[in-house]
Amino acid sequence: MTDFVDHFGIRLRIDPDFMTPLLMDAIREGRYERPEARSIGKILQKGDVVLEIGAGIGFMSALMLKNPAVERVVAFEANPLLIPKIQRTMEDNGLGAQRFELHNAVLGAEGTGTVDFHVHQDFWSSSLRRTSATIHSFPIPLVSFDRTIRTTRPTVIVCDIEGGERTLFTTSDLAGVRCVYLELHQKLLKPAGMREVFQAFHDRGFHYDQTHSSGGIVLFSRIPEPAK
């Protein structure tokens, strides 16, 4: 019998075939992506198009799609083993494909070829870096971040990519984006990397939005143009 947990109104399967005990406990105890889940509904506005980078098991995608304010969600997940898990989360919550687009690809400054993605048993630690914890490596299509922004035209970006935010956002054009909600990984970025990320957002007209930021979960909001 399949074990389901209702987490912020989203049905999540407890699946020991790929979930570690740590993850299963986090879901059962309501701790899985809790800060993001509590805040995202206050961030989203009517008509928003969301670009999600690092979709995981599809929890945040499903939560945002359940929000009637959201027009659509375009999600990227580099780990090919998670793609069927995301699709299953959508099915378990009665969410069709009309407002949801899913890609198994890595977003980057360059948009051609492939890049090796290294999967860990703790899937949230999977990344472009091979470590002693790597259990599988896959060549994954590389897609241009700037081109994706131009074609998708997101108003909101939600991102959790294990340190890759430094490369992604320090080279990107965020035209049309109202806010970026991301998890910063200071242990991976180091102090200089953290400074680069904050500086990149400031240079693009965003500010650190304290209202919906907590610890490593940070919201950068675009500074409104001064009234004329």
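An account of the accompanying structure is given in this report. (Residues numbered from 1 in each chain as written. Predicted model: local features only at pLDDT ≥ 70, side-chain atom pairs only at ≥ 80, totals over all residues. Heavy atoms only, no water.)

**Some thoughts on the packing of aromatic side chains**
A complete count under the given rule lists 7 aromatic pairs for this structure. Taking 5.7 Å as the distance between ring centres and 80° as the angle between the ring planes, the aromatic pair formed by F201 and F206 counts as edge-to-face. Of the two residues examined, F201 and F206, each falls in the buried class. Ring pairs connect the aromatic residues F145, F169, F198, F201, F206, Y208 and F220, which therefore count as one cluster. (Phe/Tyr/Trp six-rings, centres within 6.5 Å; stacked < 30°, edge-to-face > 60°. Buried < 20%, exposed > 50% of the residue type's maximum accessible area, 1.4 Å probe, protein only.)

**Some words on the pairing of strand β2 (residues 10-14)**
Residue alternation in β2 divides its side chains into a buried set, I10, L12 and I14, and an unburied set, R11 and R13. Bridge count for strand β1 (residues 3-7) against β2 is 5 bridges, and the pairing is antiparallel. Within the sheet, the bridge partner assigned to D3 lies in β2 and is I14. Here β1 folds back onto β2, and the loop between the two strands holds 2 residues, one of which, F8, carries a positive phi near 55°. (Helix = DSSP H or I, 4+ residues; strand = E, 2+ residues; numbered from the N terminus. Pairing = 2+ DSSP bridges.)

**Comments concerning the layout of surface pockets**
Roughly 180 Å³ of internal volume is contained in the second largest pocket. Lining the second largest pocket we find 12 residues, and of these E162, H185, Q186, K187 and L188 sit closest to its centre. No other element matches the 3 residues that helix α7 (residues 186-203) contributes to the lining of the second largest pocket. For the lining of the second largest pocket, a count of residues per class yields 2 nonpolar, 6 polar and 4 charged. (1 Å grid on protein atoms, 1.4 Å probe; cavity = no way out; pocket = protein on both sides within 12 Å on 5 of 7 lines; lining within 4 Å. Points joined across faces, edges and corners; volume = space filled by probe spheres on them. Nonpolar A, V, L, I, M, F, W, Y, C, P; charged D, E, K, R; others polar.)

**Section: the sheet that holds strand β3 (residues 48-53)**
An order of β5-β4-β3-β9-β10-β12-β11 is seen for the 7 strands of this open sheet, with the pairing classed as mixed. The sheet is open, and its two edges are formed by β5 (100-103) and β11 (206-208), each paired on a single side. Strand-to-strand, the axes of this sheet are offset by a mean angle of 15°, without reference to chain direction. Across 4 bridges, strand β4 (residues 70-76) lies against β5 in parallel orientation. When the sheet's bridge partners are listed, A75 is paired in β5 with L102. (Axes fitted to C-alpha atoms, helices over the stretch in contact; angles between N-to-C directions.)

**Brief notes about the pattern of salt bridges**
Here the structure, examined in full by the defined rule, presents 8 salt bridges. Residue R28 is joined to D3 by a salt bridge in which the shortest nitrogen-to-oxygen separation is 3.3 Å. Pair noted here: R28 is in helix α1 (residues 21-28) and D3 is in strand β1, with a separation of 25 residues, a long-range link. The shortest N-O distance in the salt bridge between R88 and D15 comes to 2.8 Å. Remark: D15 occurs in the loop between β2 and α1 and R88 occurs in helix α4 (residues 83-92); sequence separation between them is 73 residues. (Salt bridge = Lys/Arg side-chain N within 4 Å of Asp/Glu carboxyl O.)

**Points about the pairing of strand β8 (residues 134-144)**
Of the strand pairs in this sheet, strand β6 (residues 106-108) and β8 are connected by 3 bridges, and their pairing is parallel. Directly across from V106, in β8, lies its bridge partner L142. Relative to β8, strand β7 (residues 114-120) runs antiparallel, the two sharing 7 bridges. Residue pairing for β8: V119 is matched across the bridge by H136.

**Describing the sheet that holds β8**
Overall, mixed pairing links the 3 strands, which are arranged β6-β8-β7 in an open sheet. In this open sheet, the two strands that pair with only one neighbour each are β6 and β7. Strand-to-strand twist across the sheet, computed as the mean angle between neighbouring axes with direction ignored, equals 45°.

**So, the nonpolar core**
With 39 residues, the main nonpolar core has I27, Y32, I40, V50, I57, F59 and M64 as its most contacted residues. Among the elements that line this core, the one with the most residues is helix α3 (residues 59-65), at 6 residues. Contacts of I40, omitting those with residues within four sequence positions, involve M60, L63, M64, V158 and Y181. With 24 residues, the next largest nonpolar core counts A105, L107, I149 and L189 among its residues. (Core = buried A, V, L, I, M, F, W, Y, C linked by side-chain atoms within 4.5 Å. Contact = heavy atoms within 4.5 Å.)

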